[in-house]
Amino acid sequence: MAVLAAFSLPMPTAWISISMSLLLLFWILGGDYKIKLARIGENPVAIWSLPLLAMLAIGVSYSAVDSTDAWDKVSSYAKLLYIPLLISVLDKPEWYRAAALAFLAAMLVVLTTSYLQYFGLLPLGPPMQEYTLFKSRIAQNFFMAFTAYIFIDSLIHQPQWRWLWAGLSLLALYNVMVMVPGRTGQVVLLFLIMLTAVKYLKWHGALIGTAVVLLLLTMAYQLSDQVRQRIDTTQQELAGFIDNDSNKLPAFSRWVLYPNTLEVIAKSPWFGHGSGSFAVEYDKVVAATGRGIHSDNPHNEYMHLWAQIGLIGFVLFAILLWQMWRQAPRLEPPYNRHGEILVAAMAIGCLFNSFLMDHGEGSFFVVLTGIYFAGLSKTSLAGADQT
């Protein structure tokens, strides 16, 4: 089920829901709890995935909404449990390698179907999502940006297959930057390119990375009407924000969402307004200022958690990401590199979306975290049937 969950990440939502539900069921039926808990206890990433969920559960007790709505919001974050669950059962390299390859295989399917749509061999998706089949443009582009990094990393570390990895890298780069207009994925991809260039080439890498980023941005702007339109819209919104001109700012623009959310946070910065309370508190700010419209999502995970459970929520999420970044070098290759980039991609993505809450992106984060960081635990389930 862990391998199936990895393959299901970029597939239709029902796939990941079913595979993760069965994973939980089989985890319960499988027994061997003492050994599973030992694997969780010796893994810092598994341990630090739980306090944030616990704090969200505590946040129900003082939420500004009724307990039913509050628990409904907490359930969106319950996927954090799958980090320790996956780590507790993926006790052999062959299993977490199979799961990592299953995700990569699924992304190759996504990349293939996207190009089949591009060349008219499959029906197009809806407007602005023409070259997506299973997920939204935001989710697909985020997943593909991460996958493009894996191809580039493989190109660097597996030179014997350089033509294969170079070809896949170019296809993924074009898919993210030109075909599918998901701005978050594009920003994440450009950041990962810069990070990789600096990591391997130091200050020379900063120059080379900057040149590559500018080239990709120019290519996207020239070749894609959708990308050009979204870049122009972003520039107009930024100008409206700087000039404080509401006529240039759509009511659901992030330039409106973020200031309003900061006002929500300022009213109760230490403990927040309780789990699930964001929409109610945001509406109060809209009513008081006349700025924006109803929203239940600030499109920023850090601010979303801060508004609900205060500074401690922000800090707990930051600690989880920091622990992953800190522990990644202890992993065997290539998971040490992939683990670091998973943290970087999630950290950047959460600046523009509530990815931990979102079903697809949140599942992507917890499943790959469980797969990549399972190697930190050394206790084995081998022979558990005899204990």
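Before reading further, recall that the structure is shown in the block above.
Conventions used here
- Residues numbered from 1 in each chain as written.
- Predicted model: local features only at pLDDT ≥ 70, side-chain atom pairs only at ≥ 80, totals over all residues.
- Heavy atoms only, no water.
- Helix = DSSP H or I, 4+ residues; strand = E, 2+ residues; numbered from the N terminus.
- Rg over C-alpha atoms; globule rule 2.2 N^0.38 Å.
- Buried < 20%, exposed > 50% of the residue type's maximum accessible area, 1.4 Å probe, protein only.
- Areas by Shrake-Rupley, 256 points an atom, 1.4 Å probe, with all protein chains shown as cover.
- Lys, Arg positive; Asp, Glu negative; His and termini not counted.
- Charge placed at Lys NZ, Arg CZ, Asp CG, Glu CD.
- Salt bridge = Lys/Arg side-chain N within 4 Å of Asp/Glu carboxyl O.
- Core = buried A, V, L, I, M, F, W, Y, C linked by side-chain atoms within 4.5 Å.
- Phe/Tyr/Trp six-rings, centres within 6.5 Å; stacked < 30°, edge-to-face > 60°.
- Lys NZ or Arg CZ within 6 Å of the ring centre and 35° of its normal.
- Axes fitted to C-alpha atoms, helices over the stretch in contact; angles between N-to-C directions.
- Parallel < 35°, antiparallel > 145°, perpendicular 65-115°, else oblique.
- Left-handed = near helix turned anticlockwise from the far one by under 90°.
- Contact = heavy atoms within 4.5 Å.
- Nonpolar A, V, L, I, M, F, W, Y, C, P; charged D, E, K, R; others polar.
- Arc of directions from axis to C-beta.
- Patch = residues over 30% accessible without salt bridge, like charges linked within 9 Å, V, L, I, M, F, W, Y side chains within 5 Å.
- Expected span 1.5 Å × (residues − 1).
- Polar contact = N/O pair within 3.5 Å; in protein donor to acceptor, adjacent residues only side chain to side chain.

Draft legend 1. Main features of the overall build of the protein chain. The secondary structure content of the protein chain amounts to 17 helices and 0 strands. In summary, the protein chain has a C-alpha radius of gyration of 21 Å against a globular reference of 21 Å for 387 residues, a match within 12%. Oriented by its inertia axes, the alpha-carbon framework of the protein chain measures out at about 70 × 55 × 45 Å. When the 387 residues of the protein chain are sorted by exposure, 52% land in the buried category. Accessible surface, the protein chain as shown: approximately 17,100 Å² in total, 68% of it carbon and sulfur. Charged side chains of the protein chain number 24 positive and 24 negative; the gap between the two group centres comes to 7 Å.

Draft legend 2. Region of the structure containing the pattern of salt bridges. Taken as a whole and assessed by the stated rule, the structure comprises 6 salt bridges. Salt-bridge contacts for E332 lead to R97; the nearest nitrogen and oxygen are separated by 2.9 Å. Within this pair, whereas E332 is found in the loop between α15 (301-327) and α16 (335-349), its partner R97 is found in helix α8 (residues 93-118), the two being separated by 235 residues in sequence. Notably, a salt bridge pairs K284 with E281, separated by 3.3 Å at the nearest N-O pair. Of the two residues, K284 and E281 both sit in helix α14 (residues 278-289), 3 residues apart, roughly one turn of that helix. Accessibility expressed as a relative area gives 44% for K284, which makes it partly exposed.

Draft legend 3. Representation of unusual backbone geometry in the model. Following P333, the chain continues to P334 via a peptide bond in cis, the omega torsion being 0°. Structurally, the position occupied by P334 is in the loop between α15 and α16. Notably, D32 is not glycine yet its phi reads approximately 55°, a positive angle. With respect to the helices and strands, D32 occurs in the loop between α2 (13-29) and α3 (33-41). On the accessibility criterion, D32 (25% relative accessible area) is partly exposed.

Draft legend 4. Just the nonpolar core, in detail. Residues F365, I371 and Y372 are the most contacted members of the largest nonpolar core, which totals 98 residues. Within the second largest apolar cluster, 11 residues are counted, among which are V264, I265, F278 and Y282.

Draft legend 5. Representation of the packing of aromatic side chains within the structure. Overall, the coordinates contain 22 aromatic pairs when judged by the stated rule. Ring geometry for Y115 versus F119: centroids 6.3 Å apart, planes at 25°, classification stacked. Relative to F119, the ring of Y118 has its centre 5.3 Å away and its plane inclined at 75°; by these criteria the two rings are edge-to-face. Y118 sits in the partly exposed class, given a relative accessible area of 32%. Here a set of aromatic residues connected by ring pairs shows up, and it is made of Y96, F103, F142, F143, F146, Y335, F355, F364 and Y372. Its end group placed over the ring of W27, K36 keeps NZ or CZ at 4.6 Å from the ring centre.

Draft legend 6. Structural context of the packing of α8 against helix α10 (residues 162-179). Following both chains from N to C, one finds α8 and α10 inclined at 60°, their axes separated by 11 Å at the closest point. Classified by the interaxial angle, the pair formed by α8 and α10 is oblique. For α8 against α10, the interelement crossing comes out left-handed. In this structure, α8 contributes L108, L111, S114, Y115 and Y118 to the contact, and α10 contributes L168, L171, A172, Y174, N175 and M179. Among the residues making up the contact of α8 with α10, the classes are represented as 9 nonpolar, 2 polar and no charged.

Draft legend 7. Quick look at helix α5 (residues 50-59). What α5 keeps buried is the set L52, L53, M55, L56 and G59. Along the long axis of α5, the arc covered by the buried residues comes to 160°, so they all point the same way. Contacts from the buried residues of α5 go to α6 (67-77) and α15.

Draft legend 8. Representation of a nonpolar patch on the surface within the structure. Nonpolar side chains collect at one region of the surface, where I156, Y200, L201, W203, L207, I208 and V212 lie side by side and expose about 660 Å² of accessible area between them. With 6 residues, the single largest contributor to the nonpolar patch is helix α11 (residues 183-223). In this fold, Y200 is placed in helix α11.

Draft legend 9. Highlighting α8. End to end, α8 covers 37 Å across 26 residues, agreeing with the expected 38 Å (1.5 Å per residue, within 8%). G120 sits one or two positions beyond α8 and adopts a positive phi of about 80°.

Draft legend 10. View of the environment of T289. Position of T289 among the secondary structure elements: in helix α14. Residue classification places T289 among the partly exposed positions, given a relative accessible area of 35%. When the C-alpha positions of T289 and H204 are compared, they lie 48 Å apart, and in sequence the two are 85 residues distant. Once residues lying within four places of it in the same chain are set aside, the contact partners of T289 are N260 and E263. A distance of 3.2 Å separates a polar atom in the side chain of T289 from the backbone nitrogen of R291.

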